[in-house]
Amino acid sequence: RRELLRAQAPECEQILDLLAGMSETRVAYVGNSSGLWSGLGFAGVSSAFFGVWTWSRRKEWVDIMLDYCHHKRAQYPATTVDRLALRALRMVKL
């Protein structure tokens, strides 16, 4: 197969020789612990950035949650208990 390639494309001979030389040199296997530590490092740095980002915008997050809770509560019709509680609150305000 190599001879066929050399006959069809003689300019590829240097590339083939380079590839043949590369297969003889091998790098020692390091292990899979490097993947574990890089993954843990990425998770730690990401968590730290997220913590700093949310802590500095704490009031904004509270406003977002209050808006969300109000939207969810106002999305559905009031129950009988809610209506009674609103009537009681109105009477107390008077």
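On a predicted model such as this, the values are computed, not experimentally measured, just so you know.

## Some details on the overall build of the chain
Right, so step 1: Helices and strands together make up the secondary structure of the chain, namely 5 helices and 0 strands.
Right, so step 2: Within the chain, buried positions represent 3% of all 94 residues.
Right, so step 3: Put simply, the chain shows about 9,200 Å² of open surface, and 66% of that area lies on carbon and sulfur atoms.

## Examining helix H5 (residues 80-93)
Right, so step 1: With 14 residues, H5 should cover 20 Å at 1.5 Å per step; its first-to-last C-alpha distance of 20 Å lies within 8% of that length.
Right, so step 2: In terms of residue burial, H5 counts as a barely covered element, since only 0 of its 14 residues are buried.

## Here's the deal with the packing of aromatic side chains
Right, so step 1: Applying the stated criterion across every chain, the model contains 2 aromatic pairs.
Right, so step 2: Here Phe-50 and Trp-53 contribute two aromatic rings whose centre-to-centre distance is 6.2 Å and whose plane-to-plane angle is 40°, an arrangement assigned as tilted. One end of the pair is Phe-50 and the other is Trp-53, both in helix H3 (residues 33-56) and 3 residues apart, which spans about a single turn.
Right, so step 3: Taking 5.8 Å as the distance between ring centres and 85° as the angle between the ring planes, the aromatic pair formed by Trp-53 and Trp-61 counts as edge-to-face.
Right, so step 4: Judged by its relative accessible area of 40%, Trp-53 is partly exposed.
Right, so step 5: An aromatic cluster of three or more residues is present, and its members are Phe-50, Trp-53 and Trp-61.

## Considering the layout of surface pockets
Right, so step 1: If you add up the space inside the largest pocket, you get close to 160 Å³.
Right, so step 2: Every residue along the wall of the largest pocket is listed here: Lys-72, Arg-73, Tyr-76, Pro-77, Ala-78, Asp-82, Ala-85 and Leu-86.
Right, so step 3: Looking at the lining of the largest pocket element by element, the count peaks at 3 residues for H5.
Right, so step 4: For the lining of the largest pocket, a count of residues per class yields 5 nonpolar, no polar and 3 charged.

## Some words on the confidence of the model for the chain
Right, so step 1: Per-chain confidence: the chain averages 78 in pLDDT, with 65% of residues scoring 70 or above.
Right, so step 2: Element-level mean pLDDT values for the chain span from 65 in helix H2 (residues 13-24) up to 89 in H5.

## Thoughts on a positive patch on the surface
Right, so step 1: Side chains of Arg-83, Arg-87, Arg-90 and Lys-93 sit close together on the surface and give a patch of like positive charge.
Right, so step 2: Tracing the sequence through the fold places Arg-90 in helix H5.

## Description of the pattern of salt bridges
Right, so step 1: Inspection of the entire model under this criterion finds 1 salt bridge.
Right, so step 2: With its nearest N and O atoms 3.3 Å apart, the salt bridge here joins Lys-59 to Asp-63. Of this pair, Lys-59 and Asp-63 both sit in helix H4 (residues 58-75), separated by 4 residues, roughly a single helical turn.
Right, so step 3: The exposed category is assigned to Lys-59, whose relative accessible area is 61%.
Right, so step 4: Classification of Asp-63 by relative accessible area gives partly exposed; the value is 33%.

The rules behind these values
- Residues numbered from 1 in each chain as written.
- Predicted model: local features only at pLDDT ≥ 70, side-chain atom pairs only at ≥ 80, totals over all residues.
- Heavy atoms only, no water.
- Helix = DSSP H or I, 4+ residues; strand = E, 2+ residues; numbered from the N terminus.
- Buried < 20%, exposed > 50% of the residue type's maximum accessible area, 1.4 Å probe, protein only.
- Areas by Shrake-Rupley, 256 points an atom, 1.4 Å probe, with all protein chains shown as cover.
- Expected span 1.5 Å × (residues − 1).
- Phe/Tyr/Trp six-rings, centres within 6.5 Å; stacked < 30°, edge-to-face > 60°.
- 1 Å grid on protein atoms, 1.4 Å probe; cavity = no way out; pocket = protein on both sides within 12 Å on 5 of 7 lines; lining within 4 Å.
- Points joined across faces, edges and corners; volume = space filled by probe spheres on them.
- Nonpolar A, V, L, I, M, F, W, Y, C, P; charged D, E, K, R; others polar.
- pLDDT = per-residue confidence, 0-100.
- Patch = residues over 30% accessible without salt bridge, like charges linked within 9 Å, V, L, I, M, F, W, Y side chains within 5 Å.
- Salt bridge = Lys/Arg side-chain N within 4 Å of Asp/Glu carboxyl O.
- Lys, Arg positive; Asp, Glu negative; His and termini not counted.
- Charge placed at Lys NZ, Arg CZ, Asp CG, Glu CD.

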